[in-house]
Amino acid sequence: MRNLSVLLLLTACGSAAPPPSTAADSPPIEEGQEVVLERRARPGDRFVLTTEARDRTRSVVRMPGEPVEESVEDATHRLRADAVVLDVDAQGRVARIELTVKHATRLEGGEEEAVVPAGAVIQVSRALRPDEEPGVTWVGGTLTEEQAAWITDVVDSREADVGADEMYGTVQPRAVGESWPIDAARAARNLDSMPTVRVSEERLRGQSTLAALTEIEGVPCMEIVTELELGDLSVLGLPPRVQLREAVATGRARRWLPLAIDRPTLREESAFEMRFTAAVPTPEGRGTLEVTAHNTSRSDYRF
């Protein structure tokens, strides 16, 4: 579902982003704000997690002598849970978290169904290294493979191979409106852990911006926007006879982080789109396959 956007740190959901803050409603601050994207967690930290993610994929197949076939898959995933951090690693990254589900549903085709029931207690062990897989257990119950896959997709269950500050952050204090380039080499290397795509450093570009100073529920925050463009993607796992013609992607992430760097992220939003076109040889001639995948997400963390 949204694994790629998560690894790109375009993590978090299907509702529209709030409008940018203006100087009038921003808290006062000295010129040059320290920007720290990664915030340390502590065992026992408690918060309410609210996440909504939408995945929409449109496919168009054109074959010689046949009608055009178009299909659309569109699903919205919603999770609300009381969360408590059980374990962290030496860097303060969440290693294991427990969720008491309030609402966990999938909406598709106009029908919304519960994925796991309200009241279920779910423990998620996050993958902190590329060679690890996340683990999910239902305390006192048994998860199906589909339920476990849904949870690991909707919950941020994988840690990027390279830290967010290394890829998208800055060591210099920044003023509101100031931008800086991402580290394309580190970001491209991080994508190598994905099973479906590859991109070269030369074809990945982007920037982060200290977009605004604002407040989330009375907490003074900085709003950081990261934008990415990926060209000439390699898409892995296509059938042998399918010849990739073009594959590109764009992404945009927004984070709301307290100005006090010892406090955790309060909100994340992301939007990611990938488009690719492929040729499909047939005895009657060459057909084409066009796919557009669009993922959005939003996560709120209430401490």
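Bear in mind the structure is a predicted one, so any value in this text is a computation, not a measurement.

What counts and how
Per chain, residue numbering runs from 1 following the sequence as it is written. Two thresholds apply to this predicted model, a pLDDT of at least 70 for residue-level local features and 80 or more for giving and counting side-chain atom pairs, whereas whole-chain, interface and lining totals are computed over all residues. Water and hydrogen atoms were dropped before computing side-chain values, which therefore reflect all heavy atoms in the structure. Secondary structure elements are taken from DSSP: a helix is a run of H or I of four residues or more, a strand is a run of E of two residues or more, and numbering for both begins at the N terminus. Here's how the labels work: a residue is buried when its accessible area is under 20% of the maximum for its type, exposed when over 50%, partly exposed in between, all with a 1.4 Å probe on protein chains only. Reported accessibility uses the Shrake-Rupley method at a 1.4 Å probe radius. Residues are deemed covered only where the shown protein chains occlude them. Think of a salt bridge as a Lys or Arg side-chain nitrogen and an Asp or Glu carboxyl oxygen that are within 4 Å of each other. Comment: arc refers to directions from the helix axis out to C-beta atoms. Pairs of N or O atoms are called polar contacts if they sit within 3.5 Å, as long as, within protein, a hydrogen donor faces a hydrogen acceptor (for residues adjacent in sequence, only side-chain-to-side-chain pairs). Among buried residues, those of type Ala, Val, Leu, Ile, Met, Phe, Trp, Tyr and Cys that are joined through side-chain atoms within 4.5 Å constitute a nonpolar core. Residue contacts are defined here by distance: any two heavy atoms, one from each residue, within 4.5 Å place the two residues in contact. Here a Phe, Tyr or Trp ring, Trp counted by its six-membered ring, pairs with any other such ring whose centre lies within 6.5 Å, and the pair is stacked when the planes are under 30 degrees apart, edge-to-face when over 60, and tilted otherwise.

### What to know about the overall build of the protein
Right, on to step 1. In terms of helices and strands, the protein carries four helices and 14 strands.
Right, on to step 2. Counting over 303 residues, the protein shows a buried share of 47%.
Right, on to step 3. Entry remark: accessible area of the protein is about 15100 Å², with carbon and sulfur atoms responsible for 48%.

### Some details on the pattern of salt bridges
Right, on to step 1. Throughout the structure, instances matching the rule amount to 27 salt bridges.
Right, on to step 2. The shortest N-O distance in the salt bridge between Asp 300 and Arg 267 comes to 2.6 Å. Taken together, the residues span a long stretch of sequence, with Asp 300 in strand β14 (residues 285-302) and Arg 267 in strand β13 (residues 267-282) at a distance of 33 residues.
Right, on to step 3. Judged by its relative accessible area of 15%, Arg 267 is buried.
Right, on to step 4. Between Asp 300 and Arg 298 there is a salt bridge, with the nearest N and O atoms lying 2.9 Å from each other.
Right, on to step 5. A relative accessible area of 15% places Asp 300 in the buried class.
Right, on to step 6. Residues joined in a network through salt bridges with shared partners are Glu 223, Arg 254, Arg 267, Glu 269, Arg 298 and Asp 300.

### Comments concerning helix α4 (residues 184-191)
At 3.6 residues per turn, the α-helix brings residues three or four places apart onto the same side.
Right, on to step 1. Every buried residue of α4 is listed here: Ala 184, Ala 187, Ala 188, Asn 190 and Leu 191. All buried residues of α4 lie within an arc of 155° about the axis, which places them on one face of the element.
Right, on to step 2. Its side-chain oxygen at 3.3 Å from the backbone nitrogen of Ala 185, Asp 183 defines the N-terminal cap of α4.

### Here we look at the nonpolar core
Right, on to step 1. Counting 32 residues, the largest nonpolar core has Leu 37, Tyr 168, Leu 204, Met 222, Ile 224, Leu 230 and Leu 233 as its most contacted members.
Right, on to step 2. Contributions of two or more residues to this core are made by α3 (164-168), α4, β9 (204-216), β10 (219-230), β12 (243-258) and β13.
Right, on to step 3. When neighbours within four sequence positions are excluded, Leu 37 is seen to be in contact with Ala 164, Asp 165, Tyr 168, Gly 169, Ile 224, Arg 255, Leu 257 and Thr 265.
Right, on to step 4. Residues Leu 49, Ile 97, Val 115 and Leu 143 belong to the second largest nonpolar core, which totals 24 residues.

### Here's the deal with the packing of aromatic side chains
Right, on to step 1. Evaluation of the coordinates by the stated rule reveals two aromatic pairs.
Right, on to step 2. Centre to centre, the rings of Phe 47 and Tyr 301 are 5.9 Å apart; their planes meet at 70°, and the pair counts as edge-to-face. Taken together, the residues span a long stretch of sequence, with Phe 47 in strand β1 (residues 46-62) and Tyr 301 in strand β14 at a distance of 254 residues. Side by side, Phe 47 and Tyr 301 carry an identical accessibility label, which is buried.
Right, on to step 3. Judged by centre distance (5.0 Å) and plane angle (40°), the rings of Phe 47 and Phe 303 are tilted. On the criterion of sequence distance, the pair formed by Phe 47 in strand β1 and Phe 303 in the segment after β14 is long-range, its members being 256 residues apart.

### Observations regarding the side chain of Gln 147
Right, on to step 1. By secondary structure assignment, the location of Gln 147 is in helix α2 (residues 145-154).
Right, on to step 2. With relative accessibility at 13%, the residue Gln 147 sits in the buried group.
Right, on to step 3. Look past the residues within four positions of Gln 147 in its chain and what remains in contact with it is Val 115, Val 116, Trp 138 and Thr 142.

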